[in-house]
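# Residue-level structure breakdown
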Amino acid sequence: MTRRNMIFGISIISLCLIGGALTFALRPDQDNLPSLASEMGKPQAVQSLKEAPPATPIESIQQPTAEVLSQRVTEYHIDVSLNEKEGTLTGSETLTWTHPGKKTVNELYFHLYPNAFASADTTFMKESGGKLRGDTMPKDGWGNMELTEIRTSDGISLLHRIQYVQPDDGNVKDKTLVKVRLPVSVRGGESVTLRINFTVKLPKIFARMGSAGDFVMAGQWFPKLSVYEPVGTRGVTTEGWNLHQYHGNSEFYSDFSIYNVKINVPNNYTVAATGFPTKAAVIQGDRKTVQYYADDVHDFAWSASPNFVYAEEPFSSPDVPGVRIKLYLDPTHKDLKERYFYAAKVALSNFSKWYGQYPYSTLSIVVPPIEGNGAGGMEYPTLITAFGAGNESPSNNELERTVIHEIGHQFFYGMIASNEFEEAWLDEGFTSYLEDKLMEQEFGIKPNLPLQVAMISSPISLTQVAWKYGSSDNYAKNVYYRGKLVLLDIERQVGNKTMSRILTTYAHKYRFRHPTTTDFQRIVEQVTGRSWKPYFKQYVYDGKMTDYSIDNITVNSISQGNDPLFESIVDISQIGATAPKIPILFTFKDGHTTRKVWSGEDSKVELKLQYKEPLAWAMIDPDYSLVLENKHINNFLKAEVDGTLRTRSNLGIVKLLEAVLGSFLW
Ligand SMILES: [Zn+2]
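In this text, all values refer to a predicted model and were calculated from it rather than measured experimentally. (Residues numbered from 1 in each chain as written. Predicted model: local features only at pLDDT ≥ 70, side-chain atom pairs only at ≥ 80, totals over all residues.)

## Regarding unusual backbone geometry
The condition that has to hold: Secondary structure elements are taken from DSSP: a helix is a run of H or I of four residues or more, a strand is a run of E of two residues or more, and numbering for both begins at the N terminus.
Despite not being glycine, Asp296 has its phi angle at roughly 55 degrees, a positive value. Mapped onto the elements of the fold, Asp296 is located in strand 18 (residues 287–297). Phi at His514 is positive, roughly 55 degrees, even though this residue is not glycine. As for its placement among the helices and strands, His514 is situated in the loop between helix 8 (496–509) and helix 9 (517–528).

## Considerations on the sheet that holds strand 18
Let me state the cut-off plainly: Criterion used throughout: strands pair if DSSP finds at least two bridges between them. Axis definition: a line fitted to C-alpha atoms, over the contacting stretch in the case of helices. Angles run 0 to 180 degrees between N-to-C directions.
Taken in spatial order, the seven strands line up as 6-9-2-1-15-18-17 in an open sheet, and their pairing is mixed. Strands at the two margins of the open sheet, each flanked by one partner only, are strand 6 (144–152) and strand 17 (276–284). Averaged over all adjacent pairs, the angle separating strand axes in this sheet is 15 degrees, with direction ignored. Pairing of strand 17 with strand 18 involves six bridges; the strand directions are antiparallel. Looking at strand 18, one finds that Lys279 is bridged to Gln291.

## A few points about the pairing of strand 27 (residues 582–588)
Filter applied, for reference: Every C-beta atom is placed from the backbone, and the number of other C-beta atoms within 10 Å of a residue's own sets its class: buried at 20 or more, exposed at 12 or fewer, partly exposed in between.
Within strand 27, six of the seven residues are buried, which leaves the element mostly enclosed by the surrounding structure. Strand direction decides the pairing type here: strand 27 and strand 30 (residues 615–620), joined by five bridges, are antiparallel. In the sheet register, Thr587 faces strand 30, and the bridge partner there is Trp617.

## Things to note about the nonpolar core
For the record, the criterion: In this usage, the nonpolar core is the set of buried Ala, Val, Leu, Ile, Met, Phe, Trp, Tyr and Cys residues whose C-beta atoms join them within 7 Å. We call two residues in contact whenever the C-beta atoms placed from their backbones are within 7 Å.
If you look at the biggest cluster of nonpolar residues, it comprises 177 residues, and the most contacted ones within it are Ala344, Ala347, Ile365, Val403 and Ala618. The residues touching Ala344, leaving out its near neighbours within four places in the chain, are Ile325, Leu363, Ile365, Val403 and Ile407.

## Let's talk about the environment of Val265
Positionally, Val265 belongs in strand 15 (residues 257–266). On the neighbour-count criterion, Val265 (23 C-beta atoms within 10 Å) is buried. Sequence separation between Val265 and Lys288 is 23 residues; the distance between their C-alpha atoms is 5.7 Å.

## Comments concerning helix 4 (residues 398–414)
Just so we agree on the cut-off: A helix's residues, less one, multiplied by 1.5 Å, set its expected span. Fitting axes to the seven residues ending at a residue and to the seven starting there, one defines the bend at that residue as the angle between these axes.
With 17 residues, helix 4 should reach 24 Å at 1.5 Å per residue; the first-to-last C-alpha distance of 22 Å fits that figure. Most pronounced at Gly408, the bend in helix 4 amounts to some 25 degrees. For helix 4, the buried fraction is high: 16 of the 17 residues fall into the buried class.

## A closer look at the sheet that holds strand 31 (residues 636–638)
Here four strands make up an open sheet; going across it, the order is 28-27-30-31 and the pairing antiparallel. For this open sheet the edge positions go to strand 28 (593–598) and strand 31, each flanked by a neighbour on one side alone. Across the sheet, the mean angle separating the axes of adjacent strands is 15 degrees when strand polarity is ignored.

## Observations concerning the confidence of the model for the protein
In low-pLDDT segments, the atomic positions of the prediction should not be examined closely. Note the cut-off: What pLDDT conveys is the predictor's confidence in a given residue, as a value from 0 to 100.
Overall, the prediction assigns the protein a mean pLDDT of 90, with 88% of residues at 70 or greater. Overall, residues 5–56 carries pLDDT values under 50, and its contacts beyond four positions in sequence, including any with other chains, amount to 85 contacts.

Now the structure itself:
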């Protein structure tokens, strides 16, 4: 999911405020103090990679290939019908699960995600307060999912054998996870088939799924099997179900599957979906049924609207064998086709080059109407949503950024498929990292790292389960920003080329395999040929940040002849996690400067400098190269400033940071 899109625009403004305020507040008499000024490059005009062929008005029909890329644990055949007047879905699902482990299994567990919106008492609603990324639950927007029948392939009804379970918080009002006891146990390697009938009352959109006017976003809309993890999957030592409810700050985790889905909608609706249609729409009166197929994916989403403006283009590049890019635009953005196509093409071609071939034959982009904005900026396999079309011509490349971010997810969330409940950073942190890389390469926009790191006021372990970060703000700051900054910090230490090798190796090795943070650490160690245990312990598992401080400067005259000579003593302490190579800049009264690099290993150090003039000021990390140093405020000290005054002015700046940044994020 994309962070709230307005942050970028606002952060540029606030950056100027903060950069200016900080520089002003800290400015010594000498003027060569590095500033926090934005490194925003000038966005270049978006140009098409090549001349676009005329838009195809009808969606192309495709067929599955024989290639099998993943362990297809589950197979879904779903028939679903949209009642657009009632805002409901009626579905029947035939699900076949092949037991991937060894122990006998007596029950299956299903995610019933729409029940997150059933009342104010669900875990999602209690944790989120009915808000996500600034979108608020509309009045009377409730939705839910009901299982109306569950039968075995022999026709035995299991409806009386279901039990809602709440493994994360014991909230009995939460019905987003259900256990179905089976009449016959399933042994390792055996398959079981269930037929499930269900209805969904679509919530009014504020958090990913639902309806807004006649726009429908069906994400997490069908009873979806939980993941059964055999020994070895994500390092588990005891096989079993990985069970979590739907939380305010959590996304998803599923097995790779085959999906065959028939969707019945009014004749005048256009449907977008994961995968591709395998036959032309079947029209019956004023209704039509489209049939979609997808494999080697772990979710299936669809969207429908009578207003979509459709366009389709084929695309290939050296690392993309052939994909049809499909646009389903809200009419407000009907003239922005080229921007969407361009962003999709640069994302597909570059990410395939960096992280391995995009193996699917389609990539669909849904652009919701502005009232469906809560469904925007979201990733599903082979289908992404852009933010709601509120502006006829979004500026600052936010349109491109969202498309690039969500397509980036195809390579991490989509193919690598980590457990987003338990290790969200493996998706959002990595995706934010590659989003920045491509935004800089294509549009010359550099992230403002000093600003972003300064915002991380409550660093927490990156292997924290998603719903325990507290506020959505803190979740986003850790999972998106801190996660990304950890990757950038590793890159700073090993260099660009080695970092590319690390990520390429990781992305290739763990494609379709649900890796963990430990797996990533192992790749870092293999590629660099050394242990990263202390680093991962501090920055990844323990949630620490870099924090070095200049505590005191003492200047003594030590002149013994006619020539003046001063010894300046600078006391430095390590408050946070360790970092190798701490650069320090010293500036003397006459403007003379010198730099030193300290190993940063000890908790305290006393640095002595002799020069004909007294030291004027010293600054740790003058070039902001310590990516995870989030308290730059104590990095600077002027030699003669009175201690009380210094404390007070620092406090003032911290307050300013909180005031300007704290109120509008996510
Ligand atoms: Zn995301």
